[in-house]
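# Per-entry structural report
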Amino acid sequence: MLIYAHRGASADFPELTLAAYEGAVAQGADGFECDVRLTKDEVPVLWHNATMLERAGNPGLIAEMTYQEVSRAYPQILTLDQFLAFAVKSKKGVLIETKHPVISGNRIEEIVVETIASTKGIEKIAVAVMSFSWFAIEKMKRLDPRIQTTFLVHKNTPWFQAKISSAASIGPGINEIREEPIRAERIKKLNKSLNVWTVDESADIKLCQKLGVDILITNKPSHAREVLRYP
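All values reported here derive from a predicted model rather than from experimental measurement.

## As for the overall build of the chain
The helix and strand tally for the chain stands at 11 helices and 11 strands. Relative to the 2.2 N^0.38 estimate, which gives 17 Å for 231 residues, the radius of gyration of the chain is 17 Å and therefore close to what a compact globule would have. Along the three orthogonal principal directions, the C-alpha set of the chain runs to about 45 × 35 × 35 Å. Partitioning the contacts of the chain with sequence separation of at least 6, the portion at a separation of at least 24 is 56%.

## Quick word on the pattern of salt bridges
Counted by the stated rule, this structure contains 13 salt bridges. Across the pair R107 and E114 runs a salt bridge, and its minimum N-O distance is 4.0 Å. Relative accessible area serves as the criterion here: at 24%, R107 is assigned to the partly exposed category. Close ionic contact of R178 with D204 constitutes a salt bridge, the shortest N to O distance being 2.9 Å. Here D204 lies in helix α10 (residues 202-211) and R178 lies in helix α8 (residues 174-179), a separation of 26 residues in the sequence. A relative accessible area of 39% means that R178 is categorised as partly exposed. Overlapping salt bridges, with partners in common, bring together R7, E15, D35, E97 and K99 in one network.

## Looking at the side chain of S165
Among the structural elements, S165 can be located in the loop between α7 (159-164) and β9 (169-172). A distance of 3.0 Å separates a polar side-chain atom of S165 from the backbone nitrogen of A167. When neighbours within four sequence positions are excluded, S165 is seen to be in contact with W134, I137, E138, F151 and K192.

## Focus on the nonpolar core
Residues Y21, L46, F83, V94, I96 and I116 are the most contacted members of the largest nonpolar core, which totals 31 residues. Where this core is concerned, the elements lending two or more residues are α1 (18-26), β2 (31-38), α4 (80-90), β6 (93-98), α5 (107-118) and β7 (127-131). Tallying contributions element by element places α4 first for this core, with 6 residues. Among the nonpolar cores identified, the runner-up in size contains 23 residues, and I3, V153, I205 and C208 belong to it.

## Comments concerning the pairing of β6
Here β6 lies mainly inside the structure; 6 of its 6 residues are buried. Of the two faces of β6, both are covered, the one formed by G93, L95 and E97 as well as the one formed by V94, I96 and T98. Here β2 pairs with β6 via 6 bridges, running parallel. Following the sheet pairing, V36 is matched in β6 by T98. Here β6 runs beside β7; their pairing, made up of 4 bridges, is parallel. Considered in β7, the bridge of V94 is made with V127. Tracing the backbone out of β6, into α5 and back to the parallel element β7 gives a crossover that is right-handed.

Reading the values: the criteria
Counting restarts for each chain, with residues numbered from 1 along the sequence as it is written. Local features are withheld for residues below a pLDDT of 70 in this predicted model, meaning they are given only at 70 or higher, and side-chain atom pairs are given and counted only at 80 or more; totals for whole chains, interfaces and linings count all residues. Side-chain metrics in this entry use all non-hydrogen atoms of the structure; hydrogen atoms and water are not considered. Helix and strand labels come from DSSP, where a helix needs a run of H or I of at least four residues and a strand needs a run of E of at least two; each type is numbered from the N terminus. In this description the radius of gyration comes from C-alpha coordinates, and the expected globular size is given by 2.2 Å times residues to the power 0.38. Any two residues having at least one pair of non-hydrogen atoms within 4.5 Å are treated as being in contact. For this analysis, a salt bridge means a side-chain nitrogen from Lys or Arg found within 4 Å of a carboxyl oxygen belonging to Asp or Glu. Note on classification: 1.4 Å probe, protein chains only; a residue is buried when its accessible area is under 20% of the maximum for its type, exposed when over 50%, partly exposed between these limits. Whenever two N or O atoms come within 3.5 Å, that pair is a polar contact, provided that in protein one can donate a hydrogen and the other can accept it, and provided that, for residues adjacent in sequence, both atoms are side-chain atoms. Here, nonpolar core refers to any group of buried Ala, Val, Leu, Ile, Met, Phe, Trp, Tyr and Cys residues whose side-chain atoms link them within 4.5 Å. Two strands qualify as a pair provided that DSSP identifies no fewer than 2 bridges between them. Here, the term right-handed applies to a crossover whose path from the first strand over the helix to the second runs clockwise when the strands point away from the viewer.

And the structure:
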């Protein structure tokens, strides 16, 4: 089971920053997870919420601000280009989540594909794009079928969407897996790999190992390695 750092080693560092990903490397993560949004001038940046309020104290919407405005409000912000360059340098796989719904619609997938293609050395690491949007995943297949995808699901996601998804992986939350472990078996029977988020508690980490989870996404990479007794 691989350990991917959720927004970096975000239990110990500001999420989605270079410090968080440097921390993830130090904590032995196998890869990085991130969230991506587009600024008004179509710069892909690492950010989770639609607004900058929670992390930067700015009520502005990422989609309605230029990159210059966003970086002025939060100097630590990373662009997708910077993130991928660091991942290649660190030899770490990446899971890139595109956020929906957004003002720009599916434009984010187009920009992500272009950015991946233009990243020097990207072929040396594992790259996958994730989304809770079934339509976004299917668009990824049309844009570049070589890029692996993960269809993220929650308790209200219709099961038929997971069954017919072109994604190679399905990504349920740990709450759903804990409540109904049979979900993991159902996903495996679809011949899809299993990526589970966001797994921080020791008991949940052990459960994921028992259920044959392929990628465990956690805020605490070092803790996960310790629980799993990885060297």
